[in-house]
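Structural overview
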Amino acid sequence: LGHEYNEGQGEDAKKNDEDCEYKSMLGTDGSFQYHWISKNKLEKLRNTPHHYFAIYSRENFKVDKIYYLPVDRVIGEIEAVYLQAELKRQILNESSTTQKQKNIDAHKSFSLSKIIRLGATLVYENK
């Protein structure tokens, strides 16, 4: 796809100097995961305009397909999960006299059928 892979922290890749987020899954019956969503991570995702979803073959572990969605198609659902987890954390902290809880419940998954319903376009297919 012409992306420059980033081996360090931050964005997964860049294309034309714009950040790209990659999610992957093995086969088509799993889901693409956004884990440990924090306020900072949510902001980074919001500022990463391109989100790609790669499906690896169960037979040879090579990329079969890659789908693309712009961030505005996924960020609302990711933010909703973060806000739910943050509300839960605040409630726990208000009722607790011990150490304050961190927001560790914010995870969002997307199935292949869900990203297609959100308008994902197939940008790569291994033939």
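As a reminder, the structure under discussion sits directly above these lines.
Criteria and thresholds
Residues numbered from 1 in each chain as written. Predicted model: local features only at pLDDT ≥ 70, side-chain atom pairs only at ≥ 80, totals over all residues. Heavy atoms only, no water. Core = buried A, V, L, I, M, F, W, Y, C linked by side-chain atoms within 4.5 Å. Buried < 20%, exposed > 50% of the residue type's maximum accessible area, 1.4 Å probe, protein only. Helix = DSSP H or I, 4+ residues; strand = E, 2+ residues; numbered from the N terminus. Contact = heavy atoms within 4.5 Å. Phe/Tyr/Trp six-rings, centres within 6.5 Å; stacked < 30°, edge-to-face > 60°.

**Re the nonpolar core**
Counting 22 residues, the largest nonpolar core has Tyr34, Phe53, Val74, Ile78 and Ile115 as its most contacted members. Those elements that provide at least two residues to this core are strand 4 (32-34), helix 1 (39-46), strand 5 (50-56), strand 6 (63-70), helix 2 (75-95) and helix 3 (112-117). With four residues, helix 2 is the single largest residue contributor to this core. In this structure, Tyr34 is in contact with Glu21, Lys23, Leu45, His51, Phe53, Val74, Ile78, Ala106, His107, Lys108 and Phe110, ignoring residues within four places of it in sequence. Of all hydrophobic cores here, the second largest spans six residues; its members include Ala13, Cys20, Tyr52 and Ala54.

**Structural notes on unusual backbone geometry**
Of note in this structure, Asp17 is not a glycine but carries a positive phi near 65°. Within the secondary structure, Asp17 is located in the loop between strand 2 (13-15) and strand 3 (18-26). The phi angle at Phe61 is positive, at roughly 60°, despite the residue not being glycine. By the secondary structure assignment, Phe61 is in the loop between strand 5 and strand 6. The exposure class assigned to Phe61 is exposed, which follows from its relative accessible area of 55%.

**Overview of the packing of aromatic side chains**
Taken as a whole, this structure holds four aromatic pairs when the rule is applied. With a centroid separation of 5.1 Å and an interplanar angle of 70°, the aromatic rings of Phe32 and Phe53 are classed as edge-to-face. Of this pair, Phe32 sits in strand 4 while Phe53 sits in strand 5; the two residues are 21 residues apart in sequence, bridging distant segments of the chain. Across this residue pair, the class does not change: Phe32 and Phe53 are buried. Each ring, one from Tyr52 and one from Tyr68, has its centre 5.0 Å from the other, and the planes form 45°; the classification is tilted. Here the residue Tyr52 occupies a position in strand 5, and Tyr68 occupies one in strand 6, the gap between them amounting to 16 residues. The burial state of Tyr52 is the same as that of Tyr68; both residues are buried.

Read these as layout, nothing more, since geometry by itself doesn't imply function.
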